[in-house]
Amino acid sequence: MVLFSVVETMSLPAKSLVSASSNGIRLASYRYSSQAPKVALLGAAGGIGQPLGLLLKQDPLVAHLSLYDVVNTPGVAADLSHIDSNAKVTAHTGQAELFAAVENADVIVIPAGVPRKPGMTRDDLFNTNAGIVRDLAAVIAKAAPKALIAIITNPVNSTVPIASEVLKKAGVYDPKRVFGVTTLDVVRSQAFVAELKGHDATKTIVPVVGGHAGITIIPLLSQVTPATTFTEAEISKLTPRIQDAGTEVVNAKAGAGSATLSMALAGAKFANALIRGLKGQKNVQCAYVASNAVNGVEYFSTPLELGPNGVEKILGVGKVSAFEQKLIDASVPELNKNIAKGVSFVKGN
Ligand SMILES: NC(=O)C1=CN([C@@H]2O[C@H](COP(=O)(O)OP(=O)(O)OC[C@H]3O[C@@H](n4cnc5c(N)ncnc54)[C@H](O)[C@@H]3O)[C@@H](O)[C@H]2O)C=CC1
Ligand SMILES: O=C([O-])CC(=O)C(=O)O
């Protein structure tokens, strides 16, 4: 164990602990628990990782922010550690430091992996990102088997089954603790509905169910809060806009990646919701999890009640319109294809 530097100011107590050593850092061997949550961010130096780290560093519920990447982690950690919030920051770089990065973590957020370029589907990322998620999950299974794992890495519809299969193989799988982050679909839906209807975006709630790619993204416009009516024309314009919003950003960035800033916000919201749940503050979020909410498919995003054990209750899709039911039905074979691809990747490797 090497403590690289303790960042301190003259009049204030130590706030940040940064390690940039080649051995990484081990703070304590106990689990931080909900009293002082440790959040590990894997892929911390990336387009999502950096702004997400910024938001997590400012989250008063985060006691320890553990940053992991294969490159550039020390710089990001040094930078974040100068922010005058209370979360301790540690840096861990490369495979040899992964165990320490995730050990005792309460929540692990994973945006590690390559993003899309124009013309690609999320599934086109599978060949690169599947192996990344598999290898991260294998270490998590040993170092932090009780952590809540929030997977951002695409294709989410497949990477969640991949991580789950790895945890199953290691004998530590708990379906209540593995999440595909679909919060960005919710955030976008709320932004677009508020814009269209002149609502306060911060008070607009739109559940989004299914998965996180194309036709598997299903906004439930019939369940918007506050109650909102849409014309058929509005629904048939808004639904594909939400489904293709990721592509809208990929095209606008023209080769420079995909959504990073809105995703960072969405990831920080979701991590905060998981921590609040751990602390006993039950709350409802949509996420892609192992689920029996819809017949014939093993993973599905619906509103979930989050609590001390992760998923406390799967709340299901609720009362949907005929149009939404058609979208749900159409998503099932597509999701099953994505899920089977992830499962066979782990079983065949
Ligand atoms: N779930 C969602 O709603 C969204 C998912 N995404 C996905 O998030 C992922 C990351 O996107 P960006 O941050 O824009 O990409 P990026 O390329 O800017 O950053 C990825 C980071 O992951 C790191 N990395 C690569 N291999 C790693 C490994 N084995 N362990 C740890 N870190 C590793 C890279 O060094 C890099 O810093 C992509 O797969 C993207 O498709 C992006 C937006 C929304
Ligand atoms: O579209 C992408 O590739 C990134 C993503 O998942 C999103 O922005 O929803």
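As recorded in an unreviewed UniProt entry, the chain goes by the name Malate dehydrogenase, listed as coming from Caenorhabditis angaria. Under Sequence similarities (unreviewed entry), UniProt gives the following word-for-word description of the chain: "Belongs to the LDH/MDH superfamily. MDH type 1 family." As recorded by UniProt, the Subunit (unreviewed entry) comment attached to the chain reads in full: "Homodimer."

### Regarding the UniProt feature "binding site: substrate" (unreviewed entry) in the chain
Within this structure's numbering, the places UniProt gives as "binding site: substrate" (unreviewed entry) are R116, R122, N154 and R188. From this annotated list, the subset lining the largest pocket comprises R116, R122, N154 and R188. In this fold, R116 is placed in the loop between β6 (107-110) and α4 (126-143). You can call R116 buried: its relative accessible area is 7%. Beyond its immediate sequence surroundings of up to four residues, R116 is in contact with T121, R122, L125, G246, T247, V250, G257 and S258. A distance of 2.9 Å separates the side chain of R116 from the backbone oxygen of M120, its partner in a polar contact. With respect to the secondary-structure elements, R188 resides in helix α6 (residues 183-197). With residues near it in sequence (within four places) discarded, R188 still touches A245, G246, V249 and A259.

Conventions used here
Residues numbered from 1 in each chain as written. Chains lettered and ligands numbered in written order. Predicted model: local features only at pLDDT ≥ 70, side-chain atom pairs only at ≥ 80, totals over all residues. Heavy atoms only, no water. UniProt positions renumbered as here; feature names shortened; annotations may be inferred. 1 Å grid on protein atoms, 1.4 Å probe; cavity = no way out; pocket = protein on both sides within 12 Å on 5 of 7 lines; lining within 4 Å. Helix = DSSP H or I, 4+ residues; strand = E, 2+ residues; numbered from the N terminus. Buried < 20%, exposed > 50% of the residue type's maximum accessible area, 1.4 Å probe, protein only. Contact = heavy atoms within 4.5 Å. Polar contact = N/O pair within 3.5 Å; in protein donor to acceptor, adjacent residues only side chain to side chain.

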